[in-house]
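Coordinates in review
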Amino acid sequence: MRKARGTPPPQPPRTTRKTARVGALVSMLPLAVSMLPAAGSAIRTARQPPPTQPVAVARPRTAAPKEFSIPISNLRQWASTVVVRMPEVKIEGHSKVHRQEADCELHFGAHSNAYKGIPPGLVLEPMNVCRAPFQGEEEQRDADWINFAKRINNTVVTVTGVPRIWPEHLTGGNEPSNPNHAIEVHPLMTVETNGENFDFSANVSAGEYRGGVGEPTAESIVKQTAVTVATNGELADIAFFSGRIGNFTTLELNVEKATIASDGAGSFRMNGQVVLSDGTTVPVRMVTAKGSPINDQMEDLKRRRSAMVGLGEVLVLFSLSPQALLDAVSQSNGTMVEVVMPLQLILFGAPEPDA
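Because the structure is a prediction, the values reported are computed rather than measured.

Looking now at the overall build of the protein chain. In terms of regular secondary structure, the protein chain is built from eight helices and 16 strands. Here the protein chain, with 355 residues, has 52% of them falling under the buried criterion. Put simply, of all contacts in the protein chain between residues at least 6 apart along the chain, 73% involve residues at least 24 apart. As displayed, the protein chain has an accessible area near 16,300 Å², and 51% of this comes from carbon and sulfur atoms.

Below, the structure written as structure tokens:
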């Protein structure tokens, strides 16, 4: 297996065109001392829109939303830790091993008594299986992964991984490996079956993959995604507004150092910014999973001097934030509430440089 190279040193965040306006404000200060408080406020806003105090913005909605429901109890669990444990997962089918240019994964379709959302399906996705040897083997062979998939098919297992909330396949799931679903365990970290524990957390990295979502679509997702939520008994009814949606992509990211926080179980959450191609930024939430190389960098980032630390180009997976949804649920009482800063990026690190 080809080992992932180290992530490049963090780069300073890219500045924006607002710098010129800041300079103009500064040059006016000697002429209007009485305006100092207002000018100072404008300078801070121009330099750094604070992602810890986002404002819900009404987005244009030109198409019908994607609608689905999640039990509020699941949202509470998923908001408590980045990597969650899900018991009673019935494996009902599997895909073949995907090639590198696809996503280098293997998909398991499933349902679980521990998840009763609408739709109720689950998809479990271990990473880098087209590159990584199966547990206990020295070389990668597709047959080893497929034999494992066949072994656990039609059995009930316990899994751990990152819950990904993304309504990409709400309908049309006519294959056992891809039931109708809004929830994935992605990345899939461990599978427990018949007293055995299979651990795939070492595979959670970018590797050579750069994602299948191009820059225009990725930036549209970042800028235009809007979400509302309403309580419906024990469920959170979610309406998702966006244009085209997709899975993996690479984005240039900044991390707000002061927000980097352990979830208490070895993974990290933080706020930060996506730097768009025009230099502007959009605030987002981010998570890293215990055992991944980028997760191991977080303690070092917390020691950096800069308030905003540039990560450069990072492979990410789009998701909605369980915490953001839960915060909106707490305000709902049956009415639709706008979800503030709904996007959560699952981070996988910098892709390997092209050979």
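Don't stop here, the text continues.
What follows is about the pattern of salt bridges. Applying the stated criterion across every chain, the model contains ten salt bridges. A salt bridge links E184 to R164, with the shortest nitrogen-to-oxygen separation between them at 3.0 Å. Here R164 lies in strand β5 (residues 156–169) and E184 lies in strand β6 (residues 181–193), a separation of 20 residues in the sequence. As far as burial versus exposure is concerned, E184 and R164 are alike and both buried. Across the pair R304 and D300 runs a salt bridge, and its minimum N-O distance is 2.9 Å. A residue is classified by how much of its surface remains accessible, and R304, at 31% relative accessible area, is partly exposed.

With that settled, the discussion passes to the packing of aromatic side chains. Under the defined criterion, the tally for this structure stands at twelve aromatic pairs. Look at W166 and F318: their rings are 5.8 Å apart centre to centre, the planes differ by 15°, and that puts the pair in the stacked class. Of the two residues, W166 is situated in strand β5 and F318 in strand β14 (residues 308–320); the sequence distance between them amounts to 152 residues. The structure contains a cluster of three or more aromatic residues connected by ring pairs, namely F108, F134, W145, F148, F198 and F200.

Bringing unusual backbone geometry into the picture now. Of note, the amide linkage connecting I118 to P119 takes the cis form, showing an omega dihedral of 0°. Structurally, P119 is set in the loop between β3 (108–112) and β4 (121–124). For the bond from H186 to P187, the omega torsion is 10°, close enough to zero to count as cis. Examined against the element boundaries, P187 turns out to sit in strand β6. In this model, C104 sits at a positive phi of 65°, which is unusual for a non-glycine residue. In this structure, M341 takes a positive phi of about 50° despite not being glycine. For M341, the location among the structural elements is in the loop between β15 (337–338) and β16 (343–349).

This next bit is on the environment of L315. Locating L315 in the fold gives a position in strand β14. Of the residues examined, L315 reaches a relative accessible area of 0% and is grouped as buried. For the pair L315 and R210, spaced 105 residues apart in sequence, the C-alpha separation works out to 6.2 Å. Ignoring any residue separated from it by four or fewer positions in sequence, one finds L315 in contact with A206, Y209, R210, G211, F248, T249, T250, I346, L347, F348, G349 and P351.

Right, let's get into the nonpolar core. Counting residues in hydrophobic clusters, the biggest one holds 78 residues, and the most contacted among them are L124, L253 and L345. Ranked by the residues each element gives to this core, the list is headed by β14, at six residues. What L253 contacts, discounting residues up to four positions off in sequence, is Q273, V274, M286, V309, G310, L311, G312, V314, V316, L345 and L347. In this structure, V82, M189, V204 and L317 belong to the second largest nonpolar core, which totals 14 residues.

The next subject is the environment of M270. If you trace the backbone, M270 turns up in strand β12 (residues 268–275). Residue classification places M270 among the buried residues on the basis of a relative accessible area of 3%. In this structure the C-alpha to C-alpha distance between M270 and M286, which are 16 residues apart in sequence, comes to 5.3 Å. Apart from residues no more than four positions distant in its own chain, M270 is found in contact with V255, T259, I260, V284, R285, M286, T288 and M298.

What follows concerns the sheet that holds strand β9 (residues 235–241). The strands that make up a sheet pair up through hydrogen bonds in the backbone, lying either parallel or antiparallel. If you trace the four strands from one edge of the open sheet to the other, you get β1-β9-β8-β15, paired in antiparallel fashion. Only two strands of the sheet have a single partner each, and these edge strands are β1 (66–71) and β15. Here strand β8 (residues 226–232) runs beside β15; their pairing, made up of two bridges, is antiparallel. Along β15, the bridge assignment pairs V229 with V337. Each of β8, β9 and β15 is contacted by helix α8 (residues 322–329), which is oriented at about 50° to β8, the strand it contacts most.

Next up on the list: the side chain of T193. Residue placement: T193 occurs in strand β6. Its relative accessible area of 4% is what places T193 among the buried residues.

Rules used throughout
Residues numbered from 1 in each chain as written. Predicted model: local features only at pLDDT ≥ 70, side-chain atom pairs only at ≥ 80, totals over all residues. Heavy atoms only, no water. Helix = DSSP H or I, 4+ residues; strand = E, 2+ residues; numbered from the N terminus. Buried < 20%, exposed > 50% of the residue type's maximum accessible area, 1.4 Å probe, protein only. Contact = heavy atoms within 4.5 Å. Areas by Shrake-Rupley, 256 points an atom, 1.4 Å probe, with all protein chains shown as cover. Salt bridge = Lys/Arg side-chain N within 4 Å of Asp/Glu carboxyl O. Phe/Tyr/Trp six-rings, centres within 6.5 Å; stacked < 30°, edge-to-face > 60°. Core = buried A, V, L, I, M, F, W, Y, C linked by side-chain atoms within 4.5 Å. Pairing = 2+ DSSP bridges. Axes fitted to C-alpha atoms, helices over the stretch in contact; angles between N-to-C directions.

So yeah, pure geometry; function would need other evidence.
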